[in-house]
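Chain by chain, the residues:
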Amino acid sequence: MDDHSGAGMPLDDREQQILAELEKSLYEQHPDLARVVDKMKRAGTKKLRWSILGVVAGMVIVLVAFTAQTLVALAGFAIIVVSATGLVQGLLARHRANPENAQSPKKPGGNWKNPFRPS
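Residue numbers here run from 1 along each chain, matching the order of that chain's written sequence. Confidence filtering applies because this is a predicted model: local features only for residues at pLDDT of at least 70, side-chain atom pairs given and counted only at 80 or more, and all residues used for totals across whole chains, interfaces and linings. For the side-chain quantities, the full set of heavy atoms in the structure was used; hydrogens and water were omitted.

### Some details on the overall build of the chain
Here's step 1: A run of DSSP states H or I qualifies as a helix once it reaches four residues; a run of E qualifies as a strand once it reaches two. Both are numbered from the N-terminal end. Within the chain, the regular secondary structure consists of three helices and zero strands.
Here's step 2: When the helices and strands of the chain are read in sequence order from the N terminus, they spell out α-α-α.
Here's step 3: Partly exposed describes any residue whose relative accessible area lies between the buried limit of under 20% and the exposed limit of over 50%, with all areas from a 1.4 Å probe on protein chains only and scaled to the type maximum. Looking at the chain as a whole, 12% of its 119 residues are labelled buried.
Here's step 4: When checking whether two residues touch, look at their non-hydrogen atoms; a contact exists if any pair is within 4.5 Å. Here the contacts in the chain between residues at least 6 apart in sequence split such that 41% fall between residues at least 24 apart.
Here's step 5: Exposure was quantified through the Shrake-Rupley algorithm and a 1.4 Å probe, taking into account, for residues, occlusion by the shown protein chains and nothing else. In the structure as shown, the chain presents an accessible area of about 10,400 Å², 64% of it carried by carbon and sulfur atoms.

### A closer look at the environment of Leu87
Here's step 1: With respect to the helices, strands and loops of the structure, Leu87 is situated in helix 3 (residues 70–97).
Here's step 2: A C-alpha to C-alpha distance of 6.8 Å links Leu87 and Ile52, two positions 35 residues apart in sequence.
Here's step 3: When near neighbours in sequence (up to four residues on either side) are disregarded, Leu87 contacts Leu48, Ser51 and Ile52.

### Let's talk about a nonpolar patch on the surface
Here's step 1: On the surface, Leu26, Tyr27, Leu33 and Val37 cluster together to form a nonpolar patch covering roughly 330 Å² of accessible area.
Here's step 2: Within the secondary structure, Tyr27 is located in helix 1 (residues 13–29).
Here's step 3: Under the relative-accessibility criterion, Tyr27 is labelled partly exposed at 42%. Each patch groups residues whose relative accessible area exceeds 30% and which form no salt bridge, using 9 Å between like charges and 5 Å between nonpolar side chains of Val, Leu, Ile, Met, Phe, Trp and Tyr. Should a side-chain nitrogen of Lys or Arg be within 4 Å of a carboxyl oxygen of Asp or Glu, the pair is scored as a salt bridge.

### Quick notes on the side chain of Ser83
Here's step 1: With respect to the helices, strands and loops of the structure, Ser83 is situated in helix 3.
Here's step 2: When residues no more than four places from it in sequence are discounted, the contact partners of Ser83 are Ser51, Gly54 and Val55.

### Observations concerning the confidence of the model for the chain
Here's step 1: Of all residues in the chain, 70% attain a pLDDT of 70 or more, and the chain-wide mean is 77.
Here's step 2: Confidence per residue, as judged by the predictor, is encoded in pLDDT with a range of 0 to 100. Across the chain, helix 3 holds the top mean pLDDT of 88, while helix 2 (residues 31–65) sits lowest at 83.
Here's step 3: Note on residues 1–6: pLDDT under 50 across the span, and five contacts to partners over four residues away in sequence or across chains.

### Examining helix 1
Here's step 1: Relative to the 24 Å expected for 17 residues at 1.5 Å per residue, helix 1 spans 24 Å between its end C-alpha atoms, a close match to the ideal helical length.
Here's step 2: Contacts described as polar in this section are N or O atom pairs within 3.5 Å, which, within protein, must combine one atom able to donate a hydrogen with one able to accept it, while residues neighboring in sequence count only if both atoms come from side chains. Of the residues flanking the start of helix 1, the one acting as N-cap is Asp12, its side-chain oxygen 3.2 Å from the backbone nitrogen of Arg14. In a helix, the anticipated span is given by 1.5 Å times the number of residues less one.

In structure tokens form, the structure reads like this:
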């Protein structure tokens, strides 16, 4: 069972037992669905880790090569841009996948307010 520390109140022993039974039931009754969900979780986390690593590596390349080799520094900047784009897309996908962030049909933008659009 995954540890969801930091997400709401911790579960007591009885609630953890109920959750474990529900997970076991899901794996027994719908093994294909359970495999797909697990695979999606791992793929999303892996993509976010690679994106963060790319941003950090790009920053290091820019800082090291900025004064000596401008083209290498520009390549580092391109790595930062591509990695940051992947990071933002991954975080937005994770945000949309969370049922607590479901968008209301009345509000197409969800709870987000556009600062440039008059209310």
